[in-house]
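Summary of the model geometry
Each chain, letter by letter, is given below.
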Amino acid sequence: MGQKESRRASSLERSAAEKPHTHPSPKETPNTKVDVTGIDEHSLPSTSTLTIDLLKKNENFTTRLVVAVAVADTQVPVMEKAIDKTTPLLVIAIDIGSYASGYAWLWKWEYEKTPLAVQTNPNWQHGSRVLQKTLTALLLKPDKTIAAFGYVAIEKLCTLEQNHEDHEDWYFFQGFKMTLHRKKECVDFNQTIEDYKGRHLPASFVFGCVIKYFKDHAVRHFKVNNVDYLDAETKWVVTIPAIWTDSAKSIMREAARQANIRDSNLTIALEPECAAIYCQKLPRGQFLVSANNSDKKYAFEPGSTVMVVDMGGGTVDITTVKVNDDLSLKHVHKSGGGAWGGMRVNDEVLNMIMGVFGHEVFDIFQVKNKMDFIDLQMDVETQKRQVGPHNEQEHFRVQVSQTLVSLFKKIKGEKVQEVLQASELSFTNSRLYIPIKKVLDLFNNVIKDICEFITDILEQMQLIHEVTAVVVVGGFANSDYVTNAIREDLASRPIPVIRPDDAELSILKGAVLFGHNEAIVTSRIMPRTYGVACTMEYDKKRHNKDLTFRDGGKVWANTVFRKHVTIGQSVKCGEWIVDKDYYPADANQTIATIYMFSSDKTDPNHTTDEGCMFIGQFDVDFPPCDEEKKVNRAVSVSMRFGGTEIEVKATNTTTGKTYFKYLKM
């Protein structure tokens, strides 16, 4: 490994205001030596995007380690699998959607006999409607405790207003999931969510309240039915879009902690992946597709490749998996998607209605008549799902409450019918009639984005002749118009498009099945490149000269992005990738912090490059140096990327002590 460098590093316990010592010149060492430079923790910004100032010889050095490995990327060995294949006694899954949310559960003995016997709460009600999910709406009391969730939250808030009770200090949040979906801007771990009065609370707290509500609701359900609930033997599964950033995933884990769910009892599941797992369990007849010889072929038979398109309210999330011989699944393309969910159509229809009544009237209506506005939203959603592929209907018909009509007449001094005489819209018997062509144009704008993205994936990965079927799931997939449009777009390939029964609940039910057997997913495709910020000898072909300094007669490049795994790389789930041995540079050093970064580039040079994000850090402890034994103190760092989050394991090779932690991203 070569002779260990000797450098003095400032202690992490040193005050942030105290300047670290100047580093002595290093000894001449082979090029297999690399310095991993820690960054002053106090200087890290609160956002996930980190721009590091040039770390000069006498500035900002808090930790320096020596890595005794080759700089060039090499094939790394892997350690034993860490997945526990035993199923828990009970799995409860929570699906927080942009429009609606719910939970489901399944006991171990039911999973082993009838895995499709997943149960959902049947008691969500709104008026005369009984639903399997409830509205994503949260009402908090002034002390920030949960007052209500779902339709009940809006009813409670309306009651407070109608009774003239003091409700100004109450918090109300609705449809906030999209806050954690950012394409161009980074989601901060300190991300906040705005309530209906413009006030902000931490996203982890708001989502934590939702998770806690569902947890308490489920536990009450078991107690009412005299069923023993054992918290220690229950696994909780929280679903998220596969396209969410690492920071957004970590916010959900923190939210679960705030709901008193231990990390060891929690699994973060990817929504389209869950749908694929559920579809595998459905009757084979739902997934028979035509083969080349005109025979029928089962879409999920071993060797098949299936693209799952999860079309929810906020986002469309696409994951492509291949079925292994043992019926487990492996990813063949990194998940992708965008903000093309069904709510885009809903919002445009509501904007059209607002154009009829005017911003002033519509704003007052939303504030003063919340329940009527929710009824309007639900009617738009219901009518949207009835839009068919053959345009049987001439108009998109929306029920409008009398309160909105009366409010319009009071403020504008006109009748709605009179205003619409010169337009293509009409109003009769409390119903607004919109020409179906106008609404289909709204659909087509969203469908175009979805189809173009599907085609891009097929062409990029040359999967056109590999994909056995495209499976569409999620609430937006319930639209016959949308499903048929995707089917027609792929007909020339030809790739069959299948919509399973219970498409809207497939993610939630699949999440329960995944919780009982996480080993069913054997590998995932890395969504980003991951590495460590380090200092290494300057290479003019690779490193930025502005990020260099001289020390010990050599020129060093700083903030170098040292790659561990690459975007698009397939990583086996549950396997620890053995990284490198790390050595302290100073005999008196007892602790160091290594900072992790990710990038949307294949081969970033510096952690300050565009597309790089700081995602977290982990501490490495060192025992005191034993000068007599001359033992090289080292810590072996391993990382597990195959799960839905990043885990780190650091083992002190001298003491054998091992540290496990999720990176705080």
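Generally, phi is negative for residues other than glycine and the peptide bonds are trans, each holding for most cases. Cis geometry is found at the peptide bond from Arg493 to Pro494, where omega equals -10 degrees. Checked against the element boundaries, Pro494 lands in the loop between helix 12 (480–489) and strand 26 (497–498). You will see that Asn429, though not glycine, has its phi angle at about 50 degrees, which is positive. Summarising the element assignment, Asn429 is placed in the loop between strand 23 (426–428) and strand 24 (431–435). The phi angle at Ser430 is positive, at roughly 65 degrees, despite the residue not being glycine. Since its relative accessible area comes to 22%, Ser430 is described here as partly exposed.

All right, on to the nonpolar core then. Ranked by internal contacts, the top residues of the largest apolar core, which has 57 residues, are Met311, Ile353 and Ile486. A total of twelve residues in this core trace back to one element, the largest contributor, which is helix 11 (residues 436–460). With residues up to four places along the chain from it excluded, the contact list for Ile486 reads Met311, Ile450, Cys451, Ile454, Val472 and Val497.

This part is about the packing of helix 7 (residues 359–368) against helix 9 (residues 402–412). Direction vectors running N to C along helix 7 and helix 9 enclose 135 degrees, while the axes themselves pass 10 Å from each other. It follows that helix 7 is oblique to helix 9 by the angle criterion. Note that helix 7 runs across helix 9; the crossing there is right-handed. Where helix 7 approaches helix 9, its residues Glu360, Val361, Phe362, Ile364 and Phe365 are matched on the opposing element by Thr403, Leu404, Leu407, Phe408, Ile411 and Lys412. Tallied by class, residues from the contact of helix 7 with helix 9 come to eight nonpolar, one polar and two charged.

It is worth spelling out helix 2 (residues 151–162) at this point. For helix 2, built from twelve residues, the straight-helix expectation of 16 Å at 1.5 Å per residue is met to within 8% by its first-to-last C-alpha distance of 17 Å. Among all positions in helix 2, only Tyr151, Ala153, Ile154, Leu157, Cys158, Leu160 and Glu161 are buried.

Bringing the sheet that holds strand 20 (residues 316–323) into the picture now. An order of 26-25-19-20-21-27-31 is seen for the seven strands of this open sheet, with the pairing classed as mixed. Looking along the sheet, the strands with just one partner apiece sit at the ends: strand 26 and strand 31 (570–572). Inspection of the sheet shows strand 19 (residues 305–311) paired to strand 25 (residues 467–473) by six bridges, in the parallel sense. Within the sheet, the bridge partner assigned to Val306 lies in strand 25 and is Ala469. Sheet strands in contact with helix 5 (residues 271–281) are strand 19, strand 20, strand 21 (329–338), strand 25 and strand 27 (521–525), and its direction is about 120 degrees off that of strand 19.

For the rest of this paragraph, the subject is the confidence of the model for the chain. In the predicted model, the chain carries a mean pLDDT of 80, and the fraction of residues at 70 or more is 80%. Within the model, pLDDT remains below 50 along residues 1–85, and this stretch shows 229 contacts once partners closer than five positions in the same chain are excluded.

What follows deals with the pattern of salt bridges. Taken as a whole and judged by the stated rule, the model has 27 salt bridges. With its nearest N and O atoms 3.3 Å apart, the salt bridge here joins Arg542 to Asp603. In this pair, Arg542 sits in the loop between strand 28 (529–537) and strand 29 (548–551) while Asp603 sits in the loop between strand 33 (591–599) and strand 34 (612–621), placing the two residues 61 residues apart along the sequence. Between Arg640 and Glu647 there is a salt bridge, with the nearest N and O atoms lying 2.9 Å from each other. Each member of the pair, Arg640 as well as Glu647, carries the same accessibility label: buried. The network of salt bridges with common partners includes Arg253, Glu254, Arg257 and Asp263.

Quick look at the packing of aromatic side chains now. All told, the structure shown has 25 aromatic pairs when counted by the stated rule. Between Tyr213 and Phe214 the ring centres are 5.6 Å apart and the planes differ by 70 degrees, which places this aromatic pair in the edge-to-face class. Judged on exposure class, the residue Tyr213 and its partner Phe214 are both buried. Here the basic side chain of Arg199 rests over the ring of Tyr171, its NZ or CZ set 4.4 Å away from the ring centre. One cation-aromatic arrangement involves Arg284 over Tyr298; the distance from NZ or CZ to the ring centre is 4.0 Å.

Turning our attention to the pairing of strand 11 (residues 146–149). Of the pairings in the sheet, the one linking strand 10 (residues 137–140) to strand 11 comprises three bridges and is antiparallel in character. Looking across to strand 11, one finds that Leu138 is bridged to Phe149. Linking strand 10 to strand 11, which pair antiparallel, is a turn of five residues; within it Lys144 sits at a positive phi near 70 degrees.

It is worth spelling out the sheet that holds strand 24 at this point. Sheet architecture is open: three strands sit in the order 22-24-23, paired in antiparallel fashion. Edge positions in the sheet fall to strand 22 (395–399) and strand 23, since each has one partner strand and no second. Strand-to-strand twist of the sheet, defined as the mean angle between neighbouring strand axes without regard to direction, takes the value 25 degrees. The sheet contact formed by strand 22 and strand 24 spans five bridges and is antiparallel.

The next subject is the packing of helix 7 against helix 8 (residues 370–385). At a minimum axis distance of 5 Å, the contact between helix 7 and helix 8 shows a crossing angle of 110 degrees. One element, helix 7, and the other, helix 8, form an angle in the roughly perpendicular class. Taking contact as the criterion, the partners of Phe362, Phe365, Gln366, Val367 and Lys368 in helix 7 are, on helix 8, Lys370, Asp372, Phe373 and Leu376.

Calculation criteria
- The written sequence of each chain sets the order in which its residues are numbered from 1.
- Local features are withheld for residues below a pLDDT of 70 in this predicted model, meaning they are given only at 70 or higher, and side-chain atom pairs are given and counted only at 80 or more; totals for whole chains, interfaces and linings count all residues.
- With hydrogens and water excluded, all non-hydrogen atoms of the structure serve as input to the side-chain values.
- Note on conventions: DSSP H or I runs of at least 4 residues are helices, E runs of at least 2 residues are strands, and numbering of each starts at the N terminus.
- Exposure is judged per residue with a 1.4 Å probe applied to protein chains only, and the accessible area is read against the type maximum: over 50% gives exposed, under 20% gives buried, and values in between give partly exposed.
- Nine residue types can take part in a nonpolar core, namely buried Ala, Val, Leu, Ile, Met, Phe, Trp, Tyr and Cys, and a core is a set of them joined through side-chain atoms within 4.5 Å.
- Contacts: residue pairs with any heavy atoms within 4.5 Å of one another.
- As a rule, the C-alpha atoms of each element are fitted with a line to give its axis, helices using only the stretch in contact, and angles between N-to-C directions run from 0 to 180 degrees.
- An angle counts as roughly parallel when it lies under 35 degrees, as roughly antiparallel when it exceeds 145, as roughly perpendicular when it falls between 65 and 115, and as oblique in every other case.
- Working rule for handedness: look at the near helix, and if it is turned counterclockwise from the far one by less than a right angle, call the crossing left-handed; if clockwise, right-handed.
- Side-chain classes are defined by residue name, with Ala, Val, Leu, Ile, Met, Phe, Trp, Tyr, Cys and Pro counting as nonpolar, Asp, Glu, Lys and Arg as charged, and the others, Gly among them, as polar.
- To estimate how far a helix should reach, multiply one less than its number of residues by 1.5 Å.
- Criterion used throughout: strands pair if DSSP finds at least two bridges between them.
- pLDDT: the predictor's confidence for each residue, scored from 0 to 100.
- Whenever a carboxyl oxygen of Asp or Glu lies within 4 Å of a side-chain nitrogen of Lys or Arg, that contact is scored as a salt bridge.
- Only the six-membered ring of Trp is used, alongside the rings of Phe and Tyr, when aromatic pairs are assigned; centres must lie within 6.5 Å, and planes under 30 degrees apart are stacked while those over 60 apart are edge-to-face, with the rest tilted.
- Sitting over a ring, as applied to charges here, requires NZ of Lys or CZ of Arg to be within 6 Å of the ring centre and within 35 degrees of the ring normal.

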